[in-house]
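# Inside the fold
Listed here are the chains, written in short residue letters.
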Amino acid sequence: MKVTFLGTGTSQGIPIIGSNHPVCLSPNPKDKRLRVSVLLEWEDFTILIDCGPDFRQQLLRTNCTKIDAVLFTHEHSDHTAGLDDLRPFYFRQGNLAVYAHKRVLDALKKRFEYIFETKNKYPGVLTLDTHTIENQSFFINNKKIIPVEVYHHKLPVFGFRIGNFAYITDAKTIAKEELDKLKNLDVLIINALRIEPHLSHLNLEEAIAVIQQIRPKKAYLTHISHHMGFHDEVQATLPESIFLAYDQLEITL
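So, here's what we can say about the structure.

Criteria and thresholds
- Residues numbered from 1 in each chain as written.
- Predicted model: local features only at pLDDT ≥ 70, side-chain atom pairs only at ≥ 80, totals over all residues.
- Heavy atoms only, no water.
- Helix = DSSP H or I, 4+ residues; strand = E, 2+ residues; numbered from the N terminus.
- Rg over C-alpha atoms; globule rule 2.2 N^0.38 Å.
- Contact = heavy atoms within 4.5 Å.
- Areas by Shrake-Rupley, 256 points an atom, 1.4 Å probe, with all protein chains shown as cover.
- Lys, Arg positive; Asp, Glu negative; His and termini not counted.
- Charge placed at Lys NZ, Arg CZ, Asp CG, Glu CD.
- Disulfide = S-S within 2.5 Å.
- Pairing = 2+ DSSP bridges.
- Axes fitted to C-alpha atoms, helices over the stretch in contact; angles between N-to-C directions.

The subject of this paragraph is the overall build of the protein. Per the secondary structure count, the protein includes eight helices and 14 strands. A globule of 253 residues ought to have a C-alpha radius of gyration of about 18 Å, and the protein, at 18 Å, matches this closely. Its C-alpha atoms give the protein principal-axis dimensions of about 55 × 45 × 35 Å. For the protein, contacts bridging at least 24 residues in sequence account for 64% of all contacts bridging at least 6. For the protein, the accessible area works out to roughly 11,900 Å², and carbon and sulfur atoms hold 49% of it. Of note, the protein has its 29 positive side-chain charges centred 2 Å away from the centre of its 30 negative side-chain charges.

Structure follows, in structure tokens:
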């Protein structure tokens, strides 16, 4: 399975509009982060996890011509605002499969009412085949998908385990029974917002503690804000086998 980091930034991205913060002014491309999302590819099948406001720009930087399914972690704008930009895939493929919690699907139906219209639907609007998921495993193209429930302050968010790979974003707390789902991983991707503590996100110290508890072979940090610091400087401080992800990074399992 190939994993492509489409975006590794937090909700505002890096650089932030109008900011003169040194990280926002950095010339290093690894310090420029679009909103967080990953693309998973194996054989002839492609899954997108989250579809944020930078989705069009992100996909233009890849060779991706087909998306077979979209998994949503939760309903926040930085993870869902690019939904309409799935249209080119719909035009080529037909209805697109979307998997999300009922609460998330309800939020999408409210925000993108025109997409879910069933009467007098405007021509050219994409059509989705929605699948409601709970905190129990399901299958896509013979791949077992295991949701992992984490909490983003008080909001439940789904991470996903597929084989020996897991993707966790917007987590602040993870219950023991959910951590138990993450044993024996080859690769874990998990959010780490910044150095300082945050109300609803793991900071760097907390993310490293979770990684050391789970003990994957490799871990990649994502959902990163400018307050984390310069990519190269932060990477130099990280324990062995923990890496600061960056946009367009590709890894293969």
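Another point: the state of the cysteines. Applying the stated rule across the entire model yields zero disulfides. Take C64: it sits in no disulfide, and the sulfur closest to it among the cysteines is that of C51, at 11 Å.

Before going further, it helps to examine unusual backbone geometry. Following I14, the chain continues to P15 via a peptide bond in cis, the omega torsion being 5 degrees. Residue R215 is not a glycine yet carries a positive backbone phi of 65 degrees. With respect to the helices and strands, R215 occurs in the loop between α7 (204-214) and β12 (218-222).

The next thing to look at is the sheet that holds strand β13 (residues 242-244). What holds strands together in a sheet is hydrogen bonding between their backbones, with the strands either parallel or antiparallel. Spatially, the seven strands line up as an open sheet ordered β7-β8-β9-β10-β11-β12-β13, and their pairing is mixed. In this open sheet, the two edge strands, each paired with only one partner strand, are β7 (138-140) and β13. Put simply, the sheet's adjacent strands are angled 25 degrees from each other on average, direction ignored. Strands β11 (187-191), β12 and β13 of the sheet are contacted by α7, whose axis makes an angle of about 155 degrees with β11.

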